[in-house]
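Tertiary structure, described
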Amino acid sequence: MRRQLRSRRAPSFPYSYRYRLDDQDELNQNYLADEEEEAEEEARVMVVPKSEEEEEEKEKKEEEEGQGQPTGNAWWQKLQIMSEYLWDPERRVFLARTGQSWRVMIRPFAHSLNFNFNVSEPDTWQHYVISLNGFLQGYNDSLQEEMNVDCPPGQYFIQDGDEDEDKKACQFKRSFLKNCSGLEDPTFGYSTGQPCILLKMNRIVGFRPELGDPVKVSCKVQRGDENDIRSIRYYPESASFDLRYYPYYGKLTHVNYTSPLVAMHFTDVVKNQAVPVQCQLKGKGIINDVINDRFVGRVIFTLNIET
Amino acid sequence: MRQKRSEIYSVELSGTKDIVRTDQGDDKEKYRGLKNNCLERKKKNQEEDFQKELQLDDHKLNNRELEKKYGTNIIMGLSSTRAAELLARDGPNSLTPPKQTPEIVKFLKQMVGGFSILLWVGAFLCWIAYGIQYSSDKSASLNNVYLGSVLVLVVILTGVFAYYQEAKSTNIMSSFNKMIPQQALVIRDSEKKTIPAEQLVVGDIVEVKGGDQIPADIRVLSSQGCRVDNSSLTGESEPQPRSSEFTHENPLETKNICFYSTTCLEGTVTGMVINTGDRTIIGHIASLASGVGNEKTPIAIEIEHFVHIVAGVAVSIGILFFIIAVSMKYRVLDSLIFLIGIIVANVPEGLLGTVTVTLSLTAKRMAKKNCLVKNLEAVETLGSTSIICSDKTGTLTQNRMTVAHLWFDNQIFVADTSEDHSNQVFDQSSSTWASLSKIITLCNRAEFKPGQENVPIMKKAVIGDASETALLKFSEVILGDVMEIRKRNRKVVEIPFNSTNKFQLSIHETDDPHDKRFLMVMKGAPERILEKCSTIMINGEEHPLDKSTAKTFHTAYMELGGLGERVLGFCHLYLPADEFPETYSFDIDAMNFPTSNLCFVGLLSMIDPPRSTVPDAVTKCRSAGIKVIMVTGDHPITAKAIAKSVGIISANSETVEDIAHRLNIPVEQVNQRDAKAAIVTGMELKDMSLEQLDEILANYQEIVFARTSPQQKLIIVEGCQRQDAVVAVTGDGVNDSPALKKADIGIAMGIAGSDAAKNAADMVLLDDNFASIVTGVEEGRLIFDNLKKTIAYTLTKNIAELCPFLIYIIAGLPLPIGTITILFIDLGTDIIPSIALAYEKAESDIMNRKPRHKKKDRLVNKPLAVYSYLHIGLMQALGAFLVYFTVYAQEGFLPHTLINLRVEWENDNVNDLEDHYGQEWTRYQREYLEWTGYTAFFVGILVQQIADLIIRKTRRNSIFQQGLFRNKVIWVGIASQIIIGLILSYGLGSVTALNFTMLRAQYWFVAVPHAILIWVYDEVRKLFIRLYPGSWWDKNMYY
């Protein structure tokens, strides 16, 4: 069923068919599949398409199951596309636009989303630093330069070819993160009460954020006085994820892929009180207010910096 | 008693032994058994009650003593004030209805019965778990609260359902109150008054006339030709005369007491009330009946056994894995939740409801065949019945005297005794018959009630006693309009029957205008009639009555008497016209006409004939391995005759007495083992120890119990039950009601049956057709087989539901199926299919096999449990896991990545869990995938349950022998399964609390090969069972 819809959508939406749209309720994500047998029947989109015959047969079968309607009818297909537009059963979205769902997560990961530390007691923040350092090991400039390629920004890094062929990855150097790279300040600002928190996007195989305008990260106080956070810096300065890091081909072939990051440097935050922070992705068509999954297009955490 | 009766009309010949015994034994003979019985059951109050009954001696007192005893006056009656006092003291004259369990208690019982306790425990554990979670974390998820509530809801729903079913079936019960006569004519304050019978008190003087019910136990003070129908109390078909004479020590046998709720058929009687309400004989029997505990039905025992097995498995696996989980360092709280999951997975929540529905479907089917089942579980009981104790009168017989044999011209003729008398084939050409028929017609006072022109003759109501009715109907059928014949032969004078004459005589003008003679016709006890005769008519000619003719008469008389029939002799005399001219004035007091030297014409014998369907039904019961025993209050001779004619004693089997008679040796010398049949009287029974009774029940194939009291019927039923037999009792009278209650299944006659019997019974045959019992047996056996199938079907998936939890605990996979989802299988998709199995036809001729052994042939036996749980169940679990792994693999979690993933998977703070392809998943995404997994697992089970359903259609035969499409309901079941599955997945997929998601269509087919494998596997099993009967395979694989 899904496959049929996707392939039908293909002509009119040249790109969107190639990845699975993914809203909060939908998790059947696409990935480059060198699948097991049982999975094989469900051919992947990114995979070189199967023979036309097979395709048709499958469609026929699925259509019979799904609607019990005759196949190969152009009029019917049009109607399908139309009705899909009204009500997409796959995603259960009414009048669905190209709603893209980014899921994001932050680092350091400390088993909770409450960042609670005392500036003057290194023991309280040391584990954040260790966590960040560990996380950023894979982003070391030397490693990136050695393993990955520097690809042109602002466009997808599409690598056609055999599906089990190894893919190259774009460089994301630790130094992009400037003050939050831990290179200059090995404590990532924690020692000064200006913590760095890294925002990364959850990897989804084949996902291509179809961006018109760049998606910007922006943080603010979630509840309470807006002025509790007086300034935040973002690195890279664009506060966005570059297209060249997409699509992701899966870790089996895309071995050295490094997720793009946006570092948020909370340079001036009210001390000695819990400040709930919400960092959202903002841009055209970005969903960031889903209630069930609070990591869609946003992340919420609290900062409680004691001095 | 018997002697008395023989004086009336007839003599039963070989009853002498009994009579002697009766006379020797004191009046307690019938009640000794009762006394023992009571002692046995150690019910003190009852015992006292019956002892009080023994002390009844009012029949021995004369009128003056009675007046004194009850402080009343025979002429004036009680004063109103005294009556009011007594009423206040003794309470109203009505039977206390049997104690009803309060509805709320019944309801609560349903709430804790069966698996409910387990589910309650599960629910409370859920809430406790939530309480603990809440106390440590205020934002704890409400899932456990939901689950607990759902479990409680399930318990309450199934409880309400069971309660409703039970209430529906008990509503049919009518009460004893119906038997109470509405009004009574009583003398109080020297005035005749009509008062409600309920207000009668002891000492009241009441008048009862023909057609009324006796309003209380009364001592007869005076009577005019009163006869009462005691058949519901004693099983005697014949009306009993009632007079003020004290005739027997035993209050039940004496003539001067009329019993509450019996009917006065004719005449009038005035009597003094000596017992009211519960203190009456009927009251005692009623309390005896209600004192008999309701036995658990065999199917109830089976279901309990099954519940124990399943609960045992659930609890032991639950606790085992609780311990394992704790020792694997799971938190106790988590382990507790596992425990709940295991319990829910193990308990087939819907099964008990399914069983109820299945039983009620069969009950409905049986109701269509005129078997009304009052107690649902009794539906199956009949199927496992191994002994039927049948009452005679009204059950096996028509409870209607009917002419059975005629003897004239030195020949015995057989009359048709079938229900409609349609086929009278005996030779009617002889002129002796013409004379005989004339006597039968004329010497008869019975008349049809008017206004019944369109009613078939045999169904017409008649005024007159049973014998006369029989003769009237007999002659009406053969000769046509009897009334017209009587008109043509005008009656000049008659002497009605009385106990001194012991004959009935009438003198008529003849219908031949040229014959001016009067015809005197007479009927009565044969030997009395013979005494009055000097000639005998043979082929229409009078012959002198010599010794040889007298001998042939005696032979015939003996023969007919030996058939248990009541014999009447008929004679006539044409009075010579010269001596008795037309104007002659007959004087019945002076007897100015000859009453000797008459001409003997013939004998006619009557019996209460068996119902025409009974012999066939008895044969069928026999071939189904069911022993049919007759238990009757009637006389042994009659009982034996009926037993022979219906096949309860088969044609070629003999009793000890028969053998003795044939070999001409004393009874003592006969080898007991040679006799296949036995006839045991109540008198013999009361002297027997329980062991002796057991011996008789075990050794004889064909047994008739005669002259038994209600209490002895009870003892007999208990004796049969001691043989591990499932006992069915059929009966219609009040005297049967204790036995009906005691029996595993009591079957009452719907038309002839008294309300007391119907009340005590579990099943009512609406058409009084004994053959319906055979239908019942067949349905009962079928339902037992089909319940096996249903249970096997239901149990299978429990393993598939259980394994996920075990693997979840041991291997740390994300939970494959949720508790709520399990409930949707148990109470959703599986319900209709398991009911559909009730419609399955029998695999072989179930009426040719022995009834199941109560203790050996269990509903759920080891092969069933093992095959369902470990063979098909495990295959099903594998198939369902295949779907589960397919879904996860498709999403990026290959099976090996799932192992021990549980902790991270369920961690709310891990929102970028990596899968096999490096994709990262938030907690919510994982949860959604988990639900998809639930749905997948659900679909996997569902698909394989379809195969399971198909294989369960048969236990031994191949599906193709049984026919895949013969049971259409199975396909309805399969359709319902699929439709419910589709609705759950695609319709309710968006309701978060239900944990269903929209599953991709192709996942529905992943388990199909597995389903086919299950089918093939089971076909192979059945093939080997058929190929190698009795082999190891057969013993272990046939359930």
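It should be noted that the structure appears before, not after, this text.
Residues numbered from 1 in each chain as written. Chains lettered and ligands numbered in written order. Predicted model: local features only at pLDDT ≥ 70, side-chain atom pairs only at ≥ 80, totals over all residues. Heavy atoms only, no water.

Moving on, we come to the state of the cysteines. Enumeration over the complete set of coordinates arrives at 3 disulfides over all chains. In this model Cys-151 of chain A forms its disulfide with Cys-170 of chain A; the gap between the sulfur atoms is 1.5 Å. With Cys-151 of chain A in the loop between helix H6 (141–147) and strand S5 (196–201) and Cys-170 of chain A in the loop between H6 and S5, this residue pair connects regions lying 19 residues apart in the sequence. Taken individually, Cys-151 of chain A and Cys-170 of chain A each receive the classification buried, so the pair is uniform in this respect. Between Cys-219 of chain A and Cys-279 of chain A runs a disulfide, and the two sulfur atoms are separated by 1.9 Å. Where Cys-219 of chain A bonds to Cys-279 of chain A through sulfur, the torsion about that S-S bond is close to 110 degrees, and the disulfide is right-handed. Of this pair, Cys-219 of chain A sits in strand S6 (residues 216–221) while Cys-279 of chain A sits in strand S9 (residues 274–282), and the two are 60 residues apart along the sequence. The same class applies to Cys-219 of chain A and to Cys-279 of chain A, which are both buried. Sequence-ordered numbering of the bonded cysteines in chain A yields a pairing of 1-2, 3-4, 5-6. With no disulfide of its own, Cys-226 of chain B has Cys-264 of chain B as its nearest cysteine by sulfur position, at a separation of 3.8 Å. (Disulfide = S-S within 2.5 Å. Helix = DSSP H or I, 4+ residues; strand = E, 2+ residues; numbered from the N terminus. Buried < 20%, exposed > 50% of the residue type's maximum accessible area, 1.4 Å probe, protein only.)

On to the sheet that holds S5 of chain A. Residue and element names in this part refer to chain A. Taken together, the 4 strands give an open sheet; going across it, the order is S3-S5-S8-S7, and neighbouring strands pair in antiparallel fashion. Edge strands, defined here as strands with exactly one partner in the open sheet, are strand S3 (104–107) and strand S7 (229–235). For this sheet, the mean inter-axis angle between neighbouring strands, taken without regard to orientation, is 30 degrees. Sheet topology note: the S5/strand S8 (residues 261–269) ladder contains 5 bridges and is antiparallel. In the strand pairing of S8, Cys-196 is matched with His-265. On top of the sheet, helix H5 (residues 122–136) reaches S3, S5 and S8; it is set at about 40 degrees to S5, its chief contact. (Pairing = 2+ DSSP bridges. Axes fitted to C-alpha atoms, helices over the stretch in contact; angles between N-to-C directions. Contact = heavy atoms within 4.5 Å.)

Now for the pattern of salt bridges. Residues and elements named next belong to chain B. In this structure the tally under the stated criterion is 58 salt bridges over all chains. Residue Arg-331 is joined to Asp-334 by a salt bridge in which the shortest nitrogen-to-oxygen separation is 3.5 Å. We classify Asp-334 as buried; its relative accessible area is 17%. Across the pair Asp-616 and Lys-620 runs a salt bridge, and its minimum N-O distance is 3.8 Å. (Salt bridge = Lys/Arg side-chain N within 4 Å of Asp/Glu carboxyl O.)

All names here are of chain A. A cluster of acidic residues, Asp-162, Asp-164, Glu-165 and Asp-166, forms a negative patch on the protein surface. Mapping Asp-166 onto the fold places it in the loop between H6 and S5. With a relative accessible area of 58%, Asp-166 lands in the exposed category. (Patch = residues over 30% accessible without salt bridge, like charges linked within 9 Å, V, L, I, M, F, W, Y side chains within 5 Å. Areas by Shrake-Rupley, 256 points an atom, 1.4 Å probe, with all protein chains shown as cover. Lys, Arg positive; Asp, Glu negative; His and termini not counted. Charge placed at Lys NZ, Arg CZ, Asp CG, Glu CD.)

All names here are of chain B. Spatially, the 8 strands line up as an open sheet ordered S8-S26-S25-S24-S9-S21-S23-S22, and their pairing is mixed. The strands lining the two open edges of the sheet, one partner per strand, are strand S8 (371–373) and strand S22 (677–681). Recorded for the sheet is a direction-independent mean angle of 20 degrees between the axes of neighbouring strands. Note: strand S25 (residues 745–749) against strand S26 (residues 763–765), 3 bridges, orientation parallel. Note on S26: the bridge partner recorded for Met-749 is Leu-765. The strands touched by helix H23 (residues 636–646) within the sheet are strand S21 (627–631), S22 and strand S23 (702–706), with S23 carrying the most contacts at an inclination of about 145 degrees. Against the sheet, helix H26 (residues 690–699) engages S21, S22 and S23, with an angle of about 135 degrees to S23.

Let's shift gears to the side chain of Thr-276 of chain B. All names here are of chain B. The residue Thr-276 is located in the loop between strand S7 (263–275) and helix H11 (281–291) in this model. Separated by 3.0 Å, the side chains of Thr-276 and Arg-279 make a polar contact. Once residues within four sequence positions are removed from consideration, Thr-276 is found in contact with Asn-93, Leu-200, Val-201, Val-202 and Ala-216. (Polar contact = N/O pair within 3.5 Å; in protein donor to acceptor, adjacent residues only side chain to side chain.)

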